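Below are the chains, spelled out letter by letter.
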Amino acid sequence: MADSNSGSLMSRALRLRCPRCGVGPLFKSLLVMHTHCPHCSLKYERAPGYFLGSTYLNYGFMVITMTSAYMALHYGAHISNKALTVPLLIYCLIMPLILFRYARAWWLAADCYMDPVGFGLKPEPAPAPESREPEDR
């Protein structure tokens, strides 16, 4: 049985590996994901639009880092807006592409952590026995 603790799942996400087995790669090229794990056959996209949440992670990271960088450079280091425009624009174009893969990997790992049964990491709980009342005749 695979390990479903948060440390191993985050390690797999950082290595861009399957959250269930940790062996199969998530991506077959720079921006194209495998549909299933080549090693354990886990389906990566759980439902249509599944990875929409990863775009929020990517966007949130960009907002926080861009705001922090702008504030630090403009107000802290007193660099003009004109001088900051090109470097921050380049950052806004390049960084989301770099983070794309990691945001998806983290999203998949977080889902695996929250729902290990759905990823086959823990056995399904046994159904509770039904209590039957005797029938009156």
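Note that this is a predicted model, so its numbers are computed, not measured.

Considerations on the confidence of the model for the protein
Then, number 1: Taken residue by residue, the protein gives an average pLDDT of 88. The fraction at 70 or more is 85%.
Then, number 2: Averaged over each element, pLDDT in the protein is lowest for helix H1 (residues 6–14) (90) and highest for helix H2 (residues 52–76) (96).

What to know about a nonpolar patch on the surface
Then, number 1: Nonpolar side chains collect at one region of the surface, where Val-86, Leu-89, Ile-90, Leu-93, Ile-94 and Ile-98 lie side by side and expose about 570 Å² of accessible area between them.
Then, number 2: Mapping Leu-93 onto the fold places it in helix H3 (residues 81–114).
Then, number 3: Taking relative accessible area as the criterion, Leu-93 reaches 56% and is therefore assigned exposed.

A few points about the side chain of Arg-101
Then, number 1: Its location among the elements puts Arg-101 in helix H3.
Then, number 2: Buried charge without a salt bridge: Arg-101, with Glu-45 as the nearest opposite-charge side chain at an N-O distance of 15 Å.
Then, number 3: Of note is the side chain of Arg-101, whose polar atom sits 3.1 Å from the backbone oxygen of Ser-29.
Then, number 4: Among the polar contacts listed, one links the side chain of Arg-101 to the backbone oxygen of Leu-30, at a separation of 3.0 Å.
Then, number 5: Ignoring sequence-local partners within four residues, the contact set of Arg-101 consists of Leu-16, Phe-27, Ser-29 and Leu-30.

Digging into the nonpolar core
Then, number 1: Formed by 17 residues in total, the largest nonpolar core has its most connected members in Leu-26, Met-33, Leu-42, Tyr-44, Leu-108 and Phe-119.
Then, number 2: Secondary structure elements with two or more residues in this core: H1 and H3.
Then, number 3: Residue contributions to this core peak at 4 residues, all from H3.
Then, number 4: If you look at the next biggest cluster of nonpolar residues, it comprises 5 residues, including Met-62, Leu-84, Leu-88 and Leu-99.

Quick word on H2
Then, number 1: Look at H2: 35 Å from first C-alpha to last across 25 residues, which is about the 36 Å you get at 1.5 Å a residue.
Then, number 2: Within the sequence span of H2, burial applies to Gly-53, Ser-54, Asn-58, Met-62, Met-66 and His-74.
Then, number 3: Taken together, the buried residues of H2 touch H3.
Then, number 4: After H2 finishes, the residue His-78 shows a positive phi value of roughly 60°.

Thresholds, definitions, all that
Just so you know, the residues in each chain are numbered from 1, in the order the chain's sequence is written. Where local features are concerned, this predicted model is filtered to residues with pLDDT of at least 70; where side-chain atom pairs are given and counted, the filter is 80 or more; whole-chain, interface and lining totals use all residues. Excluding hydrogens and water, the side-chain figures rest on all heavy atoms present in the structure. Note on scores: pLDDT gives the predictor's confidence for each residue, bounded by 0 and 100. Put simply, DSSP H or I for four residues or longer makes a helix, DSSP E for two residues or longer makes a strand, and each gets a number counted from the N terminus. Each patch is assembled from residues with relative accessible area greater than 30% and no salt bridge, linking like charges that lie within 9 Å and nonpolar side chains (Val, Leu, Ile, Met, Phe, Trp, Tyr) that lie within 5 Å. To measure how exposed things are, a 1.4 Å probe is used in the Shrake-Rupley method; for residues, cover is taken only from the protein chains shown. What counts as a salt bridge is simple: a side-chain nitrogen of Lys or Arg found within 4 Å of a carboxyl oxygen of Asp or Glu. Exposure categories follow from relative accessible area, calculated using a 1.4 Å probe and restricted to protein chains: below 20% of the type maximum is buried, above 50% is exposed, and the middle band is partly exposed. When charges are counted, neither His nor the chain ends are considered; positive counts come from Lys and Arg and negative counts from Asp and Glu. As used in this structure description, the phrase polar contact means that two N or O atoms lie within 3.5 Å; if the pair is within protein, one of them must be able to donate a hydrogen and the other to accept it, and residues adjacent in sequence are counted only when both atoms belong to side chains. The contact definition used throughout considers only heavy atoms, calling two residues in contact when any of these lie within 4.5 Å. Each nonpolar core is a collection of buried residues, namely Ala, Val, Leu, Ile, Met, Phe, Trp, Tyr and Cys, held together in the definition by side-chain atoms within 4.5 Å. Helix span, expected: 1.5 Å multiplied by one less than the number of residues in the helix.

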